[in-house]
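Inside the fold
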Amino acid sequence: MPQLEQQRRLVTEIPGPISTSLMDRRSTAVSAGVGTVVPVFVARVDGGILQDVDGNCLIDLAAGIAVTNVGGSDPQVAGRVADQAQRFTHTCFMVAPYEGYVEVCERLAELTPGSHEKRSALFSTGSEAVENAVKIARTHTGRDAVAVFDHAYHGRTNLTMAMTAKNLPYKQGFGPFAGEVHRAPMSYPFRDPGGMTGEQAAQRAIDKLESQVGGDNLACVVIEPIQGEGGFITPAEGFLPAIADWCRERGIVFVADEVQTGFCRTGAWFACEHEGVVPDLITTAKGIAAGLPLAAVTGRAEIMDSVHAGGLGGTYGGNPVACAAALAAIDVMREQDLPAKAARLGEILTGRLTQLQQECPAIGDVRGRGAMVAIEITEPDGVTPAPAIAARVSAACHADGVLTLTCGTYGNVLRFLPPLVMPEHLLEEALDVLTKALANLTA
Ligand SMILES: *Cc1c(COP(=O)(O)O)cnc(C)c1O
């Protein structure tokens, strides 16, 4: 298939007539509980462009929520998926194993932080990986309690809803939730008291957990090295290492939830690497297989092997087609040095957005790492969250052919997650569109 021209092009209003009629069908067939960010139906995705069914070409700053790091139709991924699908689509690894599963686990052992002996178990979704990390940590430690942080997002299953911080839309009306989940304050430099260091923020969290739960009762601490849905909150330097050190002292399993930050997104293979943190367990999903459903828990052999045989698994976990996609995606990430590409896209994003912040009072904060960058939108006082303004700016970007996402506990964060293969000129153009949308706020 010929490459899609890497050019933003609008040929109808957004949404166009074909998308509009599909949205009508959607509303009579699909549950209203399933949301949609932009009401355009997709025809093709390639590089940094998403083409809709009306022929509009949008610049993609979502990458399917940090999933299509290698692009939405990489030829190596497509080829290996097709080849695997022709040989077999499923056996269930627990029934009859296949090499692709083992190979993905070998890659995970090589790529994840730390040179210790590792094992992995494969699943289908990020939530499932997080749940299984908790199961493994509980078995290994013989303890029940789980610590998570303010603004955390860990998924939508019952246990991971309990671990997720934000009520609406993730938890409202869906309780009762799993017990023994305890929440600690996160390091949030933009909103913490001025001058608070990462170490001080860690001590604040540790004091709360020690006094209210007791380190001896904690099976694990689960933390996103940069929070995703919670607003791309990037903890102050020193926070993550201090939490990891405390976990080691107290025999608590330190679990890095790298479902969103993993696989080159932040300019390294995994975000923990930026501060030299080696997690005991790491959960991955999203970027691992270019969108085919695959997730993993990887970690210290003695922890991973503490579970009784048959205790971990699932019908689809480590599906062979998804494993083929992951192996191809990992090859692409290595061959095209996507950590370096993410770092370069990050320089453009952070450089331009920091500049824009000087001119635009609505931008309270610019933060993130690599190609995981966000702006927090505030009232003119520079602190009060302004979710309505964030929504207006995002909608203006959509209307002008740039797919942006919002996030954050207060809904006032605009986040940028380009596919890591995005041509730089497209990212620059998307930032031009954003600049115009922000300028029009005051017009
Ligand atoms: C998306 C996400 C999850 C949940 O993954 P699903 O595949 O949607 O179940 C868990 N943790 C983090 C950090 C995420 O970003």
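Residues numbered from 1 in each chain as written. Predicted model: local features only at pLDDT ≥ 70, side-chain atom pairs only at ≥ 80, totals over all residues. Heavy atoms only, no water.

**A few points about helix α12 (residues 387-399)**
For α12, built from 13 residues, the straight-helix expectation of 18 Å at 1.5 Å per residue is met to within 8% by its first-to-last C-alpha distance of 18 Å. In this structure, the buried side of α12 is in contact with β12 (372-377), β13 (402-403), β14 (405-407), β15 (413-416) and α13 (424-442). Residue Gly 401 follows α12 closely and has a positive phi angle near 85 degrees. (Helix = DSSP H or I, 4+ residues; strand = E, 2+ residues; numbered from the N terminus. Expected span 1.5 Å × (residues − 1). Contact = heavy atoms within 4.5 Å.)

**Considerations on the state of the cysteines**
Evaluated as defined, the whole model comprises zero disulfides. Cysteine Cys 247 is unpaired, with the sulfur of Cys 220 as its nearest cysteine sulfur at 8.9 Å. The exposure class assigned to Cys 247 is buried, which follows from its relative accessible area of 1%. You can see Cys 407 has no disulfide; the closest cysteine sulfur is in Cys 397, sitting 14 Å from it. (Disulfide = S-S within 2.5 Å. Buried < 20%, exposed > 50% of the residue type's maximum accessible area, 1.4 Å probe, protein only.)

**Here's the deal with the pattern of salt bridges**
The full count for this structure, using the stated rule, is 24 salt bridges. Taking the shortest distance from any N to any O, the salt bridge between Arg 8 and Asp 400 comes out at 3.3 Å. Taken as a pair, Arg 8 in the segment before α1 (17-29) and Asp 400 in the loop between α12 and β13 lie far apart in primary sequence, 392 residues in all. Given a relative accessible area of 24%, Arg 8 falls into the partly exposed group. Here Arg 107 ties to Glu 103 by a salt bridge, and the two come within 3.5 Å at their closest N and O atoms. Here Arg 107 pairs with Glu 103, and both are found in helix α4 (residues 99-111), just four residues apart, close to one helical turn. Glu 103 shares its class with Arg 107; the two are buried. Among the ionic contacts, a cluster of salt bridges with common partners joins Arg 8, Asp 400, Glu 429 and Lys 436. (Salt bridge = Lys/Arg side-chain N within 4 Å of Asp/Glu carboxyl O.)

**Looking at the nonpolar core**
If you look at the biggest cluster of nonpolar residues, it comprises 69 residues, and the most contacted ones within it are Leu 353, Ile 375 and Leu 434. By residue number, the principal contributor to this core is helix α10 (residues 320-335), which donates eleven residues. Discounting residues that sit within four places of it in the chain, Ile 375 has contacts with Leu 353, Ile 363, Asp 365, Val 366, Asn 412, Val 413, Leu 414, Phe 416, Leu 434 and Leu 438. Membership of the second largest hydrophobic core comes to 27 residues, among which are Ala 201, Ala 202, Val 221 and Leu 240. (Core = buried A, V, L, I, M, F, W, Y, C linked by side-chain atoms within 4.5 Å.)

**Considerations on the pairing of strand β3 (residues 57-60)**
Of the pairings in the sheet, the one linking strand β2 (residues 49-52) to β3 comprises three bridges and is antiparallel in character. Across the sheet, residue Leu 50 finds its bridge partner in β3, namely Leu 58. Pairing of β3 with β13, which is carried by two bridges, proceeds in the parallel orientation. The partner of Asp 60 across the bridge, within β13, is Leu 403. (Pairing = 2+ DSSP bridges.)

**A few points about the pairing of strand β10 (residues 295-300)**
Burial within β10 is extensive, with six of its six residues counted as buried. Sheet topology places strand β4 (residues 118-123) next to β10; six bridges connect them, and they run antiparallel. Following the sheet pairing, Arg 119 is matched in β10 by Gly 299.

**Focus: the domain arrangement of the protein chain**
Partitioning the protein chain into domains gives domain 1 (17-60 + 337-442) and domain 2 (77-335). Relative placement of domain 1 and domain 2: their C-alpha centres are 26 Å apart. Contacts between domain 1 and domain 2 engage 33 residues on the former and 29 residues on the latter. Summed over both partners, the interface of domain 1 with domain 2 buries about 2300 Å², with 59% contributed by carbon and sulfur atoms. The largest share of the area that domain 1 buries against domain 2 comes from Pro 339, Arg 369 and Met 372, three residues that together contribute 31% of it. For the pair domain 1 and domain 2, the number of links is two salt bridges. Here Glu 229 and Arg 415 are joined by a salt bridge, their closest N and O atoms 2.9 Å apart. (Domains from an automatic or database assignment. Buried area = accessible area lost by both parts, 1.4 Å probe.)

**A few points about the sheet that holds strand β1 (residues 42-46)**
Pairing is mixed across the open sheet formed by four strands, whose spatial order is β1-β2-β3-β13. Because the sheet does not close on itself, it has two edges, and the strands there are β1 and β13. By the bridge criterion, four bridges tie β1 to β2 in an arrangement that is antiparallel. Residue pairing for β2: Asp 46 is matched across the bridge by Ile 49.

**A closer look at the sheet that holds β15**
Read across the sheet, four strands follow the order β11-β12-β15-β14 without closing on themselves; strand pairing throughout is antiparallel. Two strands close off the open sheet at either side, each with one partner strand: β11 (363-369) and β14. The average angle at which neighbouring strand axes cross in this sheet is 30 degrees, direction not considered. For β11 and β12, the ladder comprises six bridges, and the chain directions are antiparallel. Its bridge partner being in β12, Val 366 is matched across the sheet by Ile 375. Along the sheet face, helix α11 (residues 338-359) touches β11, β12 and β15 and points at about 170 degrees away from the line of β11. (Axes fitted to C-alpha atoms, helices over the stretch in contact; angles between N-to-C directions.)

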